[in-house]
Each structure stands twice: as structure tokens, then as C-alpha cells.
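Residue-level structure breakdown
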Amino acid sequence: MELDKSCPFLREYGNEQSLLSRPDGSSTFVQGDTSILAGVYGPAEVKVSKEIYDRATVEVLIQPKVGLPSVRERAREQCVRETCEAALLLTLHPRSSLTLILQVIHDDGSLLSCCLNAACMALIDAGLPMSYLFCGVTCAIGKEGQIITDPTTRQEKESRALLTFAIDSVEHNVLMSTTTGSFSIKELQQCIAISQKASEQIFQFYRDSVKRRYSKIK
Amino acid sequence: MAAGFKTAEPLEYHRSFLKENCRPDGRELGEFRPTTLNINSINTANGSAMVKVGNTTVICGLKAELTMPPSDAPNKGYIVPNVDLPPLCSSRFRPGPPGEQAQAASQFIADVIESSDLINMEELCIEKAKLCWVLYCDIMCLDYDGNLLDTCIIALLAALKNAQLPEVTINKDTDLAEVDMKKNKHLNINRHPVGSSFAVFDDTITIVDPTAEEESLSTALLTVVTDEEDRLCAVHKPGGTSLSAEKLQHCINRAVTRNKEINKLLNKVMDSMKMSK
């Protein structure tokens, strides 16, 4: 699959906000067949053992489709949590908790980046103040060195390396990076450049999605 | 007076050092703490290593057990790393089930083993679909002073290098495994991944090998794992403030130099073991 560098290929994506009544913010994000449902509760009360005196405490829970959360989910939760902590203005809500729950509805590749996108949209829906938005992009490096963005599960299995980045909306820099497989420095730089290009499309989608939603509300 | 300032305003205290391009313990911004390595400390384990990077102390014990290979890879054995952060190493860890940091570290080590192609899993298989080795690597932190991931990778690598597995044959008549404890052989290590951790302060200054205080005051943490062919096995930046491409490149260059330093240390220790035998 050759990559057109001017327009990285992303699967068809969709988003719906405010679909759940109990959480303060909720959203679902669909990338191809991968679908994640996110709910945000906060700012709410926090356990004394977890409270931080000058900032909010962010907790992230990722529930897999089948089974109980395992070590793999914990590693993903750490990535999502630290990205959210950097983007949110936590000092506005000291001694409070912001809980983000992500439920995997279907996993067909690019799971972590779909989680990040759903998380960002849910935080927007909850109205939590952020200094910038973030989005997730996954790149897979195939056996011949070709770079595929937003891979499906089959493409991920056939790839030799998988890189997931979280890109911020203001300076388009890398907020979070997690990789599996081995790759050269040049391939890393190419993937970062492609992810930054792809993130522009996703941020435009966020804007359109929010604009459409708020133009309906009188 | 400095101690009072440090307790009251830890961030300002560190900033005043960083302005002069050095750190409170006297190191340069790009300087690692002295690293010491000790192997074969645990006699009852198949392989073991203890690593100290400054004050951070990590011990890795490797036990090999026989089991049936997994059904999706019948000709491969497997490695199960487990990072444990007991309350002994720092007051921030409470007794009980492993916390998020320990679990994320375990997952990271498992990913590095797979990404770097550290050993051929086919070598761990004794008989296809019947018997294989499973290597349980227990990595325990004894003293937490920052930079856990690098230290764990070095400890794991050293333990695998000095691990000795007995020879196992399957008796054709009884179909049982026979272990010959006298014949031992070492594992074939393909690659030597070494990690380098960095901390970003105030979105601008990057320091290498952060201590626990520097980690808690930093705005972002980054770990880069390279192997000896200068290929990247992991670029792990779990969130935090953004990092520009030039800073990332600078970190990767530093990581490549570190890889050579650690491999030299590892070879020196392995050679000294051979000489003492």
C-alpha cells in the first residue's frame, strides 16, 4: 500500500457526543471498525489518599471487550492518563477527581489512538478546560518499509513495527509516544511527520463535529 | 539554608541549578549516574543480576520451568517478565497488588523483549507442541531513586546473558522429559537493547537519568531503547508536555552513546566471570 504523503490515508471515522445520561461528558469514536465509548465524570470528590492539594487527580479506566483489565490495559491507561494530565488545566480543580472510563466496543486495530480520540471528545463534551486538544494516530511499518497509517488488526499483525503518537492541536508536537517492534531513526521521523499531517485532518473533524452539534442547540 | 529552600520550593531549587547547566548532585545535564553490575548473586536461580544506577537498585532473578508451548505458537517458548515495586524501595508504594507503575513497567519490559528480538523464542522450544521452556524473570526494585526502566532493562539483559539452562531430552519410551542438571548451556542473545531515560523540565530543558525528585518535578518523561545496530526498539513517552523533533533527535543520539557504554560494561563483567571460572 503506497502512501500519498500529502494526504495520509485514515479509515472512515465518526463520532457522537452526549449519548450517555449519567456521565458529565461522553462520546463514542469510530475508526473503520474500531469503536470506543468514553465517559467522563468530574470534577467530583476524591479519596483522601489520592487527593493532590493543588491539582485535580485524573483516573483512567480502560475496559476491554472481553475479560478483566490486565497489565496491557494498565500500560494503555498510563499513556492516556498522562496525555490528559498534560492537556487539562488541572490546577483549576484542586482536590477533585476527573475519572475517564473507556469501553472497547470493537477492536480492529489502532486501539490506543481511538481511545485517545474518544477521550478528547468526551473531555470536550464534559466542558473541562484544556490548554490544547489532542488526537491519536497509529502508524505501522510494513516488512518492506512502507508506512501505513491507521492500520487494521490484520495490517498490524503483518507489520514489523507499530508506533502510536498523541499530537497536540496548537503546535502539532508529539505529546505521547509508544512503540513496539524495532525501526530506524529515519523511519521514526517519517512516521512523526506523517502523524502530524494526519492529525490536521482529525482536528478539522473535531471542529466540524463540535460546530455541527452546537449549531443545532438553540 | 539550602535544605530549607529545597523543602519549601523544590522546583525553584532545581531551576537555580539548571540555569547553571548542572544538577543538585553535581552532574552535567547529559551525564548518567555511575552504573555497577553484579551477576550470579542468586544461586538458586538459573540466572540473576543486580544493577545499581546511582542509588536505584534493581535485582533480576530468572527461573526456567518446563511447560507446554502456547497453542498459537507451538514451536516457541516464552519469557514472562514481572516488575515488582515493593514498599521497601520507596514510601510512595503501598503493600498490596501491583500498582499502575509496576504493571506499566512490566508491560514495557515485555514489549522491549519482543520488539528487540532479544532471544530466539524457537530456541526455548524443546519439542514442538509438547515441551518448551518458560523463563520467569522477576525484577524487583530494592531502592527507588528514579530511572526504573533503564535499570530493569540492564538487569534483565545481564540475567539472560548469564543464565544457564540444563539440557532436556524427551525419553522416547516413556514420553517424559529427562533433565540433565550437569550439562548446562547459555542462552543465545541476539541483540543487546539498552534504555536511556530523560526528563523534560519546564518544556525546555532535557536532563538525562533523572533521580526520583527530578522525575516528580519534571513535566514529561521519555525512555528510548536502542540496540547495538542503532535501531530503535522503543520510544516510550507516556504523555506529558510536548517534545519537538530536534529535542527527540538529541535524546536518541544520547541513547545511542549510552548503548555502547553499557554494552562495554556488560562485556567486562561477563569476561571477568569467565576468567574467574
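The following refers to the structure shown. (Residues numbered from 1 in each chain as written. Chains lettered and ligands numbered in written order. Predicted model: local features only at pLDDT ≥ 70, side-chain atom pairs only at ≥ 80, totals over all residues. Heavy atoms only, no water.)

Our focus in this paragraph is the interface of chain A and chain B. Taken together, the contact between chain A and chain B spans 33 residues of the former and 25 residues of the latter. Both faces combined, the contact of chain A with chain B buries some 2,500 Å², and carbon together with sulfur accounts for 51% of it. Note that A:Arg81 is salt-bridged to B:Glu100, the shortest N-O span being 2.6 Å. For the side of chain A that touches chain B, the secondary structure elements donating two or more residues are helix H1 (71-87), strand S9 (174-181) and helix H4 (185-216) of chain A. (Contact = heavy atoms within 4.5 Å. Buried area = accessible area lost by both parts, 1.4 Å probe. Salt bridge = Lys/Arg side-chain N within 4 Å of Asp/Glu carboxyl O. Helix = DSSP H or I, 4+ residues; strand = E, 2+ residues; numbered from the N terminus.)

Turning next to the state of the cysteines. All chains considered together, the criterion is met by zero disulfides over all chains. We note that A:Cys114 lacks a disulfide partner, and the nearest cysteine sulfur, in A:Cys115, lies 6.6 Å from it. For B:Cys233, which is in no disulfide, the shortest distance to another cysteine sulfur is to A:Cys191 and amounts to 15 Å. (Disulfide = S-S within 2.5 Å.)

Enumeration over the complete set of coordinates arrives at 25 salt bridges over all chains. Close ionic contact of A:Arg81 with A:Glu82 constitutes a salt bridge, the shortest N to O distance being 3.9 Å. By relative accessible area, which is 16% here, A:Arg81 ends up buried. Linked by salt bridges that have partners in common, B:Arg23, B:Asp25, B:Arg27, B:Arg33, B:Asp145, B:Asp209 and B:Glu214 make up one network. (Buried < 20%, exposed > 50% of the residue type's maximum accessible area, 1.4 Å probe, protein only.)

Now for helix H3 (residues 100-115) of chain B. Residue and element names in this part refer to chain B. The end-to-end C-alpha distance of H3 is 22 Å, a good match for the 22 Å that 16 residues give at a rise of 1.5 Å each. For H3, the tally of buried residues reaches 12 of 16 residues, placing the bulk of the element in the interior. Positive phi appears at aspartate 117, one or two residues downstream of H3, with a value of about 55°. (Expected span 1.5 Å × (residues − 1).)

Another point: the packing of aromatic side chains. Per the stated rule, a full pass over the model turns up seven aromatic pairs over all chains. Arranged with centres 6.1 Å apart and planes meeting at 80°, the rings of B:Phe5 and B:Tyr13 form a pair that is edge-to-face. Its relative accessible area of 36% is what places B:Phe5 among the partly exposed residues. Taking 5.5 Å as the distance between ring centres and 90° as the angle between the ring planes, the aromatic pair formed by B:Phe93 and B:Tyr144 counts as edge-to-face. Taken together, the residues span a long stretch of sequence, with B:Phe93 in the loop between strand S4 (78-84) and H3 and B:Tyr144 in the loop between strand S6 (131-143) and helix H4 (148-161) at a distance of 51 residues. Of the two residues, B:Phe93 and B:Tyr144, both sit in the buried class. Taken together, the aromatic side chains of A:Tyr13, A:Phe29, A:Phe203, A:Phe205 and A:Tyr206 make up a single cluster linked through ring pairs. A cation over a ring is seen here: B:Arg258 above B:Phe32, with NZ or CZ 3.7 Å from the ring centre. (Phe/Tyr/Trp six-rings, centres within 6.5 Å; stacked < 30°, edge-to-face > 60°. Lys NZ or Arg CZ within 6 Å of the ring centre and 35° of its normal.)

Residues and elements named next belong to chain A. Read from one edge of the open sheet, five strands run S1-S2-S3-S5-S4, paired in mixed fashion. Two strands lie at the open edges of the sheet, namely strand S1 (13-17) and strand S4 (57-63), each paired on one side alone. Put simply, the sheet's adjacent strands are angled 15° from each other on average, direction ignored. Bridging between strand S3 (residues 34-44) and strand S5 (residues 97-106) involves eight bridges; their strand directions are antiparallel. Following the sheet pairing, valine 40 is matched in S5 by leucine 100. Against the sheet, H1 engages S4 and S5, with an angle of about 145° to S4. (Pairing = 2+ DSSP bridges. Axes fitted to C-alpha atoms, helices over the stretch in contact; angles between N-to-C directions.)

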